[in-house]
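Each chain is listed here by its residues.
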Amino acid sequence: MDQVVFESVRKIFRHRPALFNWLGRERGGETIALKDVSFSAGRAEVLVLVGPNGSGKTTALKLISTMLLPDAGSVRVGGFDARRDAGRVRRQVGIAVAAERSFFPRLSASENLDFFAALDEVPRNERARRIKEVLRDTGLEEQADTLVMKFSSGMYQRLGIARALVKRPSVLLLDEPTRSLDAATTAHFWATIRRLAQQQTTVLLATHNFAEAAVVADRLLLLHRGELLADRAVGNGESADALRAFYFRMTGEIDEAMGTIYRAGTAP
Amino acid sequence: MNSNTLTSRMNSPLDKLHAILRRDLLTAIRHRSGFVVTLVGVFTELAAFYFLSRAIGPGFRPNGVEYFPFLLVGTGVYTFFVMSAQAFLSAVQEAQQTGTLEVLMTTSTPPAELVILSSISAFAGNLVNLLVYLFAGVAVFRASIHANFFSCVAVLIFSLAIALALGIAAATLQVAFQKGSALLWLLGSGLWFLSGTMFPIQSLPRPLELLARAVPLTYAIDGMRRALLEGQSLMAMAPTLAVLAGFGVVLLPLALAGLSLSLRRARQDGTLSFY
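Examining the overall build of chain B
Thinking step 1. Scanning chain B from terminus to terminus reveals 10 helices and 0 strands.
Thinking step 2. What you see in chain B, going N to C, is helices and strands ordered as α-α-α-α-α-α-α-α-α-α.
Thinking step 3. The C-alpha radius of gyration computed for chain B amounts to 20 Å, which stays within 12% of the reference 19 Å derived for 275 residues, consistent with globular compactness.
Thinking step 4. Looking at chain B alone, contacts between residues at least 24 apart form 80% of all its contacts between residues at least 6 apart.

This is the structure in structure tokens:
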């Protein structure tokens, strides 16, 4: 059975101008973030979502996590509908969001993880062991007792991944997880993703990094202006350059990018 | 369901409450100056009320009690209510600003449970402040009290449901309109004026007095004054306790339904982290 099923999902963000906004230029309107998108992810599969900014990658992840509700269509996780059975969906899903500072600044890394683990109903007698494990996996062992207000961007990002892992979700959602990570941590993280997939975790990862996609992806979903342009397998040993070429060919962005380079006079 | 799972499910809310209390306690302790500032604030406020009552003189005895104890209980209970709602609101605002609100909404804990557990923590902190305030009023400024312990506890317990409803309503307004502070300030001013905090509501013109009688905080303050200053028994307090319970039974489910609706709408509109 598919672990995650997106069926004709539509998500629209409606902008309501402020009540007394006579002076401002803000007007009402709407943005269609996802247009009838359908895909599924099987158990132990790693799906990588790529696409330009605003293409709908984060919206898709937030819909699976129940942070957002769809306007049309359905999102199911482990057979449960994200709208009707949000509680059951949340038990299965772990999400590492792109917002780096989504922690309590005056708690240490391990205190933050312990807090979120308690809310995720991780049994108390298992918590310390799991926290130690995820801190090791994300390279934060030495910062376990440091207040997170002293963390760098990369450390926040690692802690976000640790938080998503501590509940041992069957579906792991990662939004640009290696954006601020150094090379060594990134390589270690990619190995962790593959190991989790071997342990039957379904991973959906949004990224702009084609090297990351080439290393971890079983399948690539290409989103563009809210539409699913491509859903294809990633071949064993397929290079980052090959994926990047595919991306530019499908989105047509290469012409725009080359134009910018020529205008700047930096073309080879 | 095996016995381990059952035990784990039963322990779960307590475990979560422990986690929330620990988070709030550690955060409060690590804000080093916070406690000292609160203490200085308490003594300054009490000193102001003490000298105000001296300036007015011993002839003014609202509801038959001295004015300083009357003020002590009125302002103490009012501050407990409003600060609890404020603590609630601040927690939501801070969670919106840092992005923790979205993440909290994806944990296995249902939003209503999370809100109620968080409120217990907010109330615990403000209850300590209220006790410090009353203790300082009695010990330092010699306010005379004749407390009936059981009546005091009963008034407090019945008032909690109302304070909880007020806190949840403030959180709801913050999630729905992102302007909870302004609305709470407006509401707080109205409550301060109408609930008999500084003067008996009988001093108000008749229409305003009737309005004051529709405010639940009026009964909480009046009940606490009678329990703490006059030592009235549980039996004598029964009508006031019944009114407080009635407000709680009506307001709490309404506030929870409002919060649930506003969270659902925020998830639909994608405005959970707007502030």
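Next comes the rest of the write-up.
Some points on the overall build of chain A
Thinking step 1. The number of helices and strands found in chain A is 9 helices and 10 strands.
Thinking step 2. Every one of the 268 residues in chain A was classed for burial, and the buried ones make up 43%.
Thinking step 3. The long-range share in chain A, meaning contacts at least 24 apart out of those at least 6 apart in sequence, stands at 69%.

Re the sheet that holds strand S4 (residues 72-77) of chain A
Residue and element names in this part refer to chain A.
Thinking step 1. Taken together, the 4 strands give an open sheet; going across it, the order is S2-S1-S4-S5, and neighbouring strands pair in antiparallel fashion. On the outer flanks of this sheet lie strand S2 (29-42) and strand S5 (80-81), each paired with one strand and no other.
Thinking step 2. Strand direction decides the pairing type here: strand S1 (residues 2-15) and S4, joined by 5 bridges, are antiparallel. Looking across to S4, one finds that Glu7 is bridged to Ser74.

Looking at the interface of chain A and chain B
Thinking step 1. Tallying the contact residues gives 30 residues for chain A and 27 residues for chain B.
Thinking step 2. Broken down by element, the side of chain A that touches chain B gets its largest block of residues, 6 residues, from helix H3 (residues 109-119) of chain A.
Thinking step 3. Partitioning the side of chain A that touches chain B into residue classes produces 16 nonpolar, 4 polar and 10 charged.

Some thoughts on helix H5 (residues 111-139) of chain B
The periodicity of an α-helix, 3.6 residues per turn, causes residues three or four places apart in sequence to face the same way.
Thinking step 1. In this model, H5 of chain B (29 residues) spans 42 Å end to end at C-alpha, consistent with the 42 Å of a helix rising 1.5 Å per residue.
Thinking step 2. Every buried residue of H5 of chain B is accounted for by Pro111, Val115, Ser118, Ser119, Ser121, Ala122, Phe123, Asn126, Leu130, Tyr133, Leu134 and Gly137 of chain B.

With respect to helix H6 (residues 183-198) of chain A
Residue and element names in this part refer to chain A.
Thinking step 1. The terminal C-alpha atoms of H6, which comprises 16 residues, lie 23 Å apart, in line with the 22 Å expected from a rise of 1.5 Å per residue.
Thinking step 2. Here H6 has its buried residues at Phe189, Ile193 and Leu196. Buried residues of H6, seen end-on, are gathered within an arc of 65° and therefore sit on one face of the element. Structural note: H6 exposes Ala183, Ala184, Arg195 and Gln198 on the side pointing more than 90 degrees away from its buried face.
Thinking step 3. Lining the buried residues of H6 we find strand S3 (46-50), helix H5 (153-166), strand S7 (171-175), strand S8 (202-206) and helix H7 (210-216).
Thinking step 4. Looking one or two residues beyond H6, the residue adopting positive phi is Gln200, at roughly 80°.

Things to note about the pairing of strand S10 (residues 227-233) of chain A
Thinking step 1. As paired elements, strand S9 (residues 219-224) of chain A and S10 of chain A share 6 bridges and run antiparallel to each other. Across the sheet, the residue bridging to Leu221 of chain A is Asp231 of chain A, located in S10 of chain A.

Quick word on the packing of helix H6 (residues 149-177) of chain B against helix H9 (residues 216-228) of chain B
Packed helix pairs are specified by the crossing angle of their axes together with the interaxial distance, meaning the distance between the axes.
All names here are of chain B.
Thinking step 1. At a minimum axis distance of 9 Å, the contact between H6 and H9 shows a crossing angle of 165°. Overall, the two elements H6 and H9 adopt an arrangement that is roughly antiparallel. Here the hand of the crossing between H6 and H9 comes out left-handed. Here H6 contributes Ser151, Cys152, Val155, Ser159 and Ile162 to the contact with H9, which in turn contributes Pro216, Ala220, Gly223, Met224, Ala227 and Leu228.
Thinking step 2. Residue classes in the contact of H6 with H9 are distributed as 8 nonpolar, 3 polar and no charged.

Focus on the packing of helix H2 (residues 34-56) of chain B against H5 of chain B
Residue and element names in this part refer to chain B.
Thinking step 1. One can describe the packing of H2 onto H5 by two numbers: an axis separation of 10 Å at closest approach and a directional angle of 45°. In terms of orientation, H2 and H5 fall into the oblique class. Of the two elements, H2 crosses H5, and the hand of that crossing is right-handed. Contact with H2, carried on its side by Thr38, Val42, Phe43 and Leu46, involves Asn129, Val132, Tyr133, Ala136 and Gly137 of H5 and no other residues of that element.

Some words on unusual backbone geometry
Thinking step 1. At Ala44 of chain A, a position not held by glycine, the phi torsion is positive, near 70°.
Thinking step 2. Its location among the elements puts Ala44 of chain A in the loop between S2 and S3.
Thinking step 3. On the basis of neighbour count, Ala44 of chain A is assigned to the partly exposed category, with 16 C-beta atoms found within 10 Å.
Thinking step 4. In the Ramachandran plot, Asn63 of chain B falls in the positive-phi region, its phi being about 55° despite a non-glycine side chain.
Thinking step 5. Tracing the backbone shows Asn63 of chain B in the loop between H2 and helix H3 (67-98).
Thinking step 6. Exposure remark for Asn63 of chain B: the 13 C-beta atoms within 10 Å place this residue in the partly exposed category.

Overview of the domain arrangement of chain B
Residue and element names in this part refer to chain B.
Thinking step 1. In terms of domains, chain B is made up of domain 1 (1-32) and domain 2 (37-269).
Thinking step 2. The interface is formed by 7 residues belonging to domain 1 together with 8 residues belonging to domain 2.
Thinking step 3. Tallied by class, residues from the side of domain 1 that touches domain 2 come to 5 nonpolar, no polar and 2 charged.

Rules used in this analysis
- Within any chain, residue numbers begin from 1 and follow the written order of that chain's sequence.
- Chains and ligands are labelled by the order in which they are written, letters from A for the one and numbers from 1 for the other.
- Per-residue local features of the predicted model are confined to residues with pLDDT of at least 70, and side-chain atom pairs are confined, for both listing and counting, to 80 or more; whole-chain, interface and lining totals are unaffected and use all residues.
- Helix and strand definitions here come from DSSP, where helices need a minimum of 4 consecutive H or I residues and strands a minimum of 2 consecutive E residues; each element is numbered from the N-terminal end.
- C-alpha atoms define the radius of gyration in this analysis, and the globule rule sets the expected value at 2.2 Å times the number of residues to the power 0.38.
- Once C-beta atoms are placed from the backbone, any two residues with those atoms within 7 Å are in contact.
- Counting other C-beta atoms within 10 Å of a residue's C-beta gives its exposure: the residue is buried at 20 or more, exposed at 12 or fewer, and partly exposed in between, where C-beta atoms are placed from the backbone.
- Strands pair, by our definition, only if DSSP identifies at least two bridges between them.
- Charged residues are taken to be Asp, Glu, Lys and Arg, nonpolar residues to be Ala, Val, Leu, Ile, Met, Phe, Trp, Tyr, Cys and Pro, and polar residues to be all remaining types, Gly included.
- Residue count minus one, scaled by 1.5 Å, sets the expected span of a helix.
- As used here, the arc belongs to the directions running from the helix axis to the C-beta atoms.
- An axis is simply a line fitted to the C-alpha atoms; with a helix, the fit covers only the stretch in contact. Between two such axes, the angle follows the N-to-C directions and lies from 0 to 180 degrees.
- What sets the label is the angle itself: under 35 degrees gives roughly parallel, over 145 gives roughly antiparallel, 65 to 115 gives roughly perpendicular, and the rest give oblique.
- Helix crossings fall into two classes, left-handed where the near helix is turned counterclockwise from the far one by less than a right angle and right-handed where it is turned clockwise.
- Residue ranges assigned to each domain were obtained from an automatic or database domain assignment.

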